[in-house]
Amino acid sequence: MKTRILLLGAPGAGKGSQAKLIKDYYHIPHISTGDMFREAIKEGSELGKLANTYISRGDLVPDEVTIGLVKERLSKSDCKNGYLLDGFPRTLVQAEALDKLSKDINQDLQLVIDVDVDDQILIDRITGRRVCKKCGSTYHIKNMPSKVEGVCDNCGGELYIRNDDNLTAFKTRLENYYKQTAPLIDYYKNKNLLVKVDGSKELNEVFSSIKKAIEE
Ligand code: AMP
């Protein structure tokens, strides 16, 4: 079984939802740079203030900041039993930094899952997404609504629209994805680590394909 895993995919491909299923099923620490930045923004830290200027526009946070954050997280003891990266790396520079970091801790990446979804579906998913302010659970107004509108099923927290989930920021995020992140598909294909799954399918169907890739 593979326990050092990376989820690749465009914004809205469902990386976060699949990461939650993987984490709960295999008990692998989930490392989401997007979640880490949102946490820092909520706390009002210097990192949060800096990250927010990029995130609100749909731009990527500079490599050195993001790499520093992941370096610190990967060196924690829970990552000795594996790690699930979600949203990192997003650039070639970050991918090369990850190669070095994972080598340094003797924990080389074993599997890269490319969650593949058409652009039109991505737009629909992003513009209908709602997130819990308290626990970060995600919903969709049509595909996965909460039982009570605006209220999280898990913790009763208030649901909100991420400030980068508007159409203008989304277009920038998608452009950045094709320019900066999509080249990583070939990068990992060349390392024989890549498995592609059809992310347009229903949540559990996508998860079944991912489980197969992890266990084979
Ligand atoms: P996500 O929740 O993964 O969609 O990330 C939300 C936003 O955080 C992205 O649109 C970027 O602005 C920023 N971000 C997350 N991960 C990275 C990364 N690896 N490199 C640069 N910026 C990132």
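Bear in mind that the values here come from a model prediction, so they are computed numbers and not experimental data.

About the cut-offs
- Residues numbered from 1 in each chain as written.
- Predicted model: local features only at pLDDT ≥ 70, side-chain atom pairs only at ≥ 80, totals over all residues.
- Heavy atoms only, no water.
- Near = heavy atom within 4 Å.
- Polar contact = N/O pair within 3.5 Å; in protein donor to acceptor, adjacent residues only side chain to side chain.
- Areas by Shrake-Rupley, 256 points an atom, 1.4 Å probe, with all protein chains shown as cover.
- Helix = DSSP H or I, 4+ residues; strand = E, 2+ residues; numbered from the N terminus.
- Expected span 1.5 Å × (residues − 1).
- Buried < 20%, exposed > 50% of the residue type's maximum accessible area, 1.4 Å probe, protein only.
- Arc of directions from axis to C-beta.
- Contact = heavy atoms within 4.5 Å.
- Salt bridge = Lys/Arg side-chain N within 4 Å of Asp/Glu carboxyl O.
- Core = buried A, V, L, I, M, F, W, Y, C linked by side-chain atoms within 4.5 Å.

Moving on, we get to the site of the ligand. Taken together, the neighbourhood of the ligand is formed by 16 residues, with Thr33, Arg38, Asp59, Gly87 and Arg90 sitting nearest. Side-chain polar atom of Thr33 to a nitrogen atom of the ligand: 2.8 Å apart, as the coordinates give it. At 2.9 Å from a nitrogen atom of the ligand is found a side-chain nitrogen or oxygen belonging to Gln94. Protein chains shield 96% of the accessible area of the ligand, which is 480 Å² for the free molecule. When residues of the shell around the ligand are assigned to their parent elements, the largest contribution, four residues, is made by helix α2 (residues 33–43).

Okay, helix α5 (residues 92–104) next. Here α5 contains 13 residues, and its C-alpha end-to-end distance of 18 Å stays within 8% of the 18 Å for a straight helix at 1.5 Å per residue. All buried positions along α5 are accounted for by Gln94, Ala95, Ala97, Leu98, Leu101 and Ser102. The buried side chains of α5 occupy one side of the element, clustering within an arc of 160° when seen end-on. The outward face of α5, more than 90 degrees from its buried face, is lined by the exposed residues Lys100, Lys103 and Asp104. Elements in contact with the buried residues of α5: α4 (63–74), β3 (83–86) and α8 (183–190). Residue Asn106 follows α5 closely and has a positive phi angle near 60°.

Take the pattern of salt bridges next. Across all of its chains, the model carries 15 salt bridges by this definition. Close ionic contact of Arg173 with Asp165 constitutes a salt bridge, the shortest N to O distance being 3.0 Å. Across the pair, Asp165 and Arg173 agree in class, each one buried. One salt bridge connects Lys201 with Asp198, and the closest N-O pair in it is separated by 3.6 Å.

Moving on to the nonpolar core. One recurring pattern in soluble globular proteins is that nonpolar side chains are buried together. Counting 46 residues, the largest nonpolar core has Ile22, Leu74, Leu85, Leu109, Ile113 and Tyr188 as its most contacted members. Per element, the largest residue contribution to this core is five residues, and it comes from helix α9 (residues 203–215). Residue contacts for Leu109: discarding those within four places in its chain leaves Arg4, Ile5, Leu6, Tyr83, Leu98, Ser102, Tyr188 and Leu193. Membership of the second largest hydrophobic core comes to five residues, among which are Phe37, Ala51, Ile55 and Val61.

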